[in-house]
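# Coordinate analysis (summary)
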Amino acid sequence: MTTLTAPRLRLTRFRDLTLVPVIVLLLIVGAILDPFFLTAGNLTNVLQQQAAISLVVLAEALILISGKFDLSLEATVGMAPAIAVMLVVPASAGGFGLGLPAALVIPLCLLIGAAIGAFNGFLILRFQLSAFVVTLAMMIVIGGLQLGPTEGKTLFKLPESILYLGSTTWLGLPAAIWIAAILFAGGIFALAYTRVGRSLYAIGGNADAARAAGIRVDRVLWGVFILGGVLAALAGILETGRLGAIGSGQGDGWIFMVFAAAVIGGVSMDGGKGTILGALTGVLVIGLVQNLLTLKGVSGFWQPVVYGLIILIALIISRVAGGKAQD
Amino acid sequence: MNIHVEARSITKRFGPTTALNGAGLSIAEGETHALVGRNGAGKSTLVSILTGLQRPDEGEVLFSGTPAPALADRDAWRRRVACVYQKSTIIPNLTVTENLFLHRQTTGRIINWRALRAKARELLDTYEVDVDGERLAGELSVEQRQLVEIARALSFGARFIILDEPTARLDGPAIERLFVRMRALKAQGVTMMYISHHLEEVYEICQSVTVFRDARHIMTRPVADLPHQELVDAMTGEATAAYQARSRTPGSGVVLAASGLSLAGRYEGVDLEVRSGEVIGLAGSASSGKIGLAETLVGLRRPDAGTVTVNGTQPKPGDVPAFLAAGLGFVPEDRHHEGFVPLLSVGENATIPIAGKLGRFGVISPARRRARAVQMIKDLDIKTEGPEQPVGDLSGGNAQKVVFARALVDEPAALVVMNPTAGVDVKAKQALLGAVEDAAERGAGAVVVSDELDDLRICDRVLVMFHGRIVKDVPRGWTDHELVAVMEGIEE
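Residues numbered from 1 in each chain as written. Chains lettered and ligands numbered in written order. Predicted model: local features only at pLDDT ≥ 70, side-chain atom pairs only at ≥ 80, totals over all residues.

On to the sheet that holds strand β11 (residues 254-263) of chain B. Residues and elements named next belong to chain B. The 3 strands lie next to each other as β12-β11-β14, forming an open sheet whose pairing is antiparallel. Two strands close off the open sheet at either side, each with one partner strand: β12 (267-275) and β14 (305-310). Averaged over all pairs of adjacent strands, the angle between their axes in this sheet comes to 10°, without regard to strand direction. Examined bridge by bridge, β11 and β14 share 5 bridges and lie antiparallel to one another. Following the sheet pairing, S262 is matched in β14 by A305. (Pairing = 2+ DSSP bridges. Helix = DSSP H or I, 4+ residues; strand = E, 2+ residues; numbered from the N terminus. Axes fitted to C-alpha atoms, helices over the stretch in contact; angles between N-to-C directions.)

Here it is in C-alpha cells:
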C-alpha cells in the first residue's frame, strides 16, 4: 500500500467501525457496574445468545444493502425447523408420521428456508410487488403455517441431529459461535472482494445503473432472498439446539432487533450502504446492552424501552452524520 | 468519408404514441454531429435505440456498415457505442474506482483492490480527469461525475460516443472545459453525437446537425453554411393556426413582484413586476431556471436571497398557505404530482383552498361546496358527470381545468400558471388560455410559464430566461424566430 492512499483507506475502514468505541465503552461501563460482566464465561454467553439472531441480521443486512426488505425472516426462524422436525418424527412425537429419516431434518429445514426466500423473491421480482407488504403478509402466513400443524404446541421430542449444532462445543467455544463467525467472515469477504458481492451495492445504490452495467439485477436479488431464507432457517436450527425445544413463538419479535442491529450498524434502509462488519458491531452492541440490563436486574418488561431508545438515538446520529433526510 | 453510425428509417411506438416515425440519421467517422429538436421530437428514443437499450419496431442500426449486435449482448454494444445519458448512471455510495469498473472489477473470482485502484488511476490519467479514485462518487460535483462517466464510457473501447444534453446542468466555465475535452477527443478520431437545446453550442462544437420534429427526420445539414433562422425554422415548423389573443390595458397596481431573487443552481438576480390586469410570459429552455423561479413566486421554493411581494404583502418564503392567503392562485408544473388528488371529487379538488370559507368551525358545508363547484364547472366548461366524479377519471384537459378551478376559486389577485397546456388537446388549450385572459380582465395579474409559444402569445410581454437570468423583455408582437433565438441564446 502506498503512503499516498493509506490515510484515506484507513478512513473508509473506520466508517464501518463507528460502533467500536461504543462497544469498548459498554465493556468498560459493564466491568465497573458488575465484576462478573467481563469474564470469559459471561462474554461467551453473550455471543452464544446472539449467534442465532446474528444470522438473521446477516441475512437482513444483505437484503437491505440490495435495496430490498424482508420482514418474514423471523417467522422462518420458527416455522422452518418446526415443519422439518414434524416431517421426520413419528406422529406420537407430534409429527406428520411420514417416516422420513431423521438425518434429513437439517437439509429439510434449510430447504424450507430456501423455498420461502424463493417465493418472496418470486412475488417481489416477477409481480413487482412492494417488498415490505409482501414480506409482511408472508410473515403472517409463515407464522400460521407453524401454528396450524403444531396447533400451537411446543415440540419437545426432537431428533439428535437438529439439537447438535446449537448445543455442542467446538474447541472450547459453542459451535453456534463458530458458525456465526465463519458466516460473517464469509459475508464480509464476499461483499468486499467478489463481483457478486459488489453487485449488491450497485443494485441497492442505483438499480438502473446496475442493469446498464450488465448486472442481472433480478437474478442477483432472487439469490439474496433465497440466501436470506436459508440463513433464517439455520438461525432456527441454532436456536432450537440452544433451547432444546421449538416453541410456537420461536423467533417472534426478532425482526425488530434485527432491524435495530443492522441500522445502528450503519446499514441503510434505502439500500446500497453499509457493511456486514458494521451489522456485526450492531449485533454486539445490542447483545452487550441486553446482557448488562439482565445482569443489573432490569425487569424484562422494561428492557424494550431501552432498546427502542437505542434505535432512536442511533437513527438521530446517522441522520446528523449522513446529513440526508430519511424516508 | 466513411459512415460510422447509421440509423435507417427507425419506427418506435409506445402504446398509442409514436416516438419515432421512420426517422434516421447517419454520422460520418470522426465528426461531431448534433441532434436537435423540441421536447418530444424523439431524440431520447433514438438515443436508447442507438445504445441498444430498446429495440426499434422497424428499421435497423448499423455500425461501420455492419448490423448492430443482439440486444442482450451488452458488452458488444458497449464496445461500439458509449453514452453519457441525461440521467446519471453513477452509483453514489461507491467509490469512483468502483464506478469506473462496475461489474468488471475482476476477471477472476477475487477482486484485487490495489490493482483495481491502479487501473482506475491509469484510466483517469489517460482522460485527464483530476479526481481521486478513492472518493465516493456521490461527493463529486456534477462536472466531475460527468467526466467520470465519459472516462468509463470510453474505457470499453468505443469510438462513438453520445452526449445527451451534457451541458444542461453545467455552468459556463464547465461547459467550456467540456468543449475543450470534446475537441481533444475529436482530434483522436472519436465520433460524437451531441444533443443540446442550446443552438449556439451546436454552432460552436458540431460539424453537422440533424433536426427531428414530431418523431420525424426533418433535415441534416453541415453547420457551417446553415443560417440560424433556417435551423430554428426546421425545429419549430409551421406555427399552427391558433387562438386569438385579446388586447387589454394593464392597470397600475403591482400585484406580484420579485426583487433580487436568487436560488443557487437555478436562477439569480431576478427582478420582476406584474401589474393588475397584465399577463406576462416566462420563457426559456429547460435549464433556464424558469420553473424554479415560478415555484419561488408561488411559495413552493424558498429563495436564497430576495423577496416576493404578493398583493402588497410579503408572505413567508416557502410557505404556500401564506402565499395563497395573500391572494395568489397557481397551477403547478406537473398536475399529476401537485395539481390534484385523483381519488377525490371534482368539487372537493376545486374547493380545497377555500375549504375554510365554506363553513364554520372547520366543518365544511357540503351544500355550499357543491354550489361553488357547480359554478366553477360551468365557468371553466369542465366536462364531468358532476361535482362528485373523481378527478382521476377525467381526461387530461378536463383534469387540468379542475386544477385551474382550484387556482381561480378564491379569485386571486395574482395568478401563476406553469405549463398550462401540457398534454391537453387544442380545444382545452384554448379554454385554458381563455381562463387566464378572463382572470386578467377581472383585474388579476398573471404569469404564464411555458415551453409552448402558443401559450406565450396571450402575454402582454415575455421575459426570456437564459442560464438563470432574465436576459430580455420582449413586448407583444414577437415572431417565433425572434423568441426561439433569444431562448436558445443565439441572440443577445
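With that settled, the discussion passes to helix α4 (residues 113-126) of chain B. All names here are of chain B. Counted at 1.5 Å a residue, the expected span for α4 with its 14 residues is 20 Å, and the 20 Å between its end C-alpha atoms agrees. Within α4 the residues assigned to the buried category are R117, A120, L123 and L124. All buried residues of α4 project into a common sector of 125° when viewed along the axis, lining one side. Among the exposed residues of α4, those pointing more than 90 degrees away from its buried face are R114, A115, E122, D125 and T126. Downstream of α4 by one or two residues, E128 has phi in the positive range, about 50°. (Expected span 1.5 Å × (residues − 1). Buried ≥ 20, exposed ≤ 12 C-beta atoms within 10 Å, placed from the backbone. Arc of directions from axis to C-beta.)

This brings us to the packing of helix α9 (residues 195-205) of chain A against helix α11 (residues 217-243) of chain A. Residues and elements named next belong to chain A. Between α9 and α11, whose axes approach to 10 Å, the crossing angle comes to 105°. Taken as axis vectors, α9 and α11 run roughly perpendicular relative to one another. Facing α9, whose interface residues are V196, S199, L200 and I203, α11 presents V217, V220, L221 and V224. A breakdown of the residues in the contact of α9 with α11 according to their chemical character gives 7 nonpolar, 1 polar and no charged. (Parallel < 35°, antiparallel > 145°, perpendicular 65-115°, else oblique. Contact = placed C-beta atoms within 7 Å. Nonpolar A, V, L, I, M, F, W, Y, C, P; charged D, E, K, R; others polar.)

Below, the discussion takes up the confidence of the model for chain A. Summary statistics for chain A give a mean pLDDT of 88 and a share of 92% for residues scoring 70 or more. Across residues 1-12 of chain A, where pLDDT falls below 50, the model places 5 contacts with residues more than four positions away in sequence or in other chains. (pLDDT = per-residue confidence, 0-100.)

We now examine the nonpolar core. For soluble globular proteins, nonpolar side chains are generally found buried alongside one another. A:V56, A:V85, B:V416, B:V436, B:V447 and B:V448 are the most contacted members of the largest nonpolar core, which has 236 residues in total. Not counting residues up to four positions away in its chain, the partners in contact with A:V85 are A:G95, A:V105, A:L155, A:L158, A:P159, A:I162 and A:I246. (Core = buried A, V, L, I, M, F, W, Y, C linked by C-beta atoms within 7 Å.)

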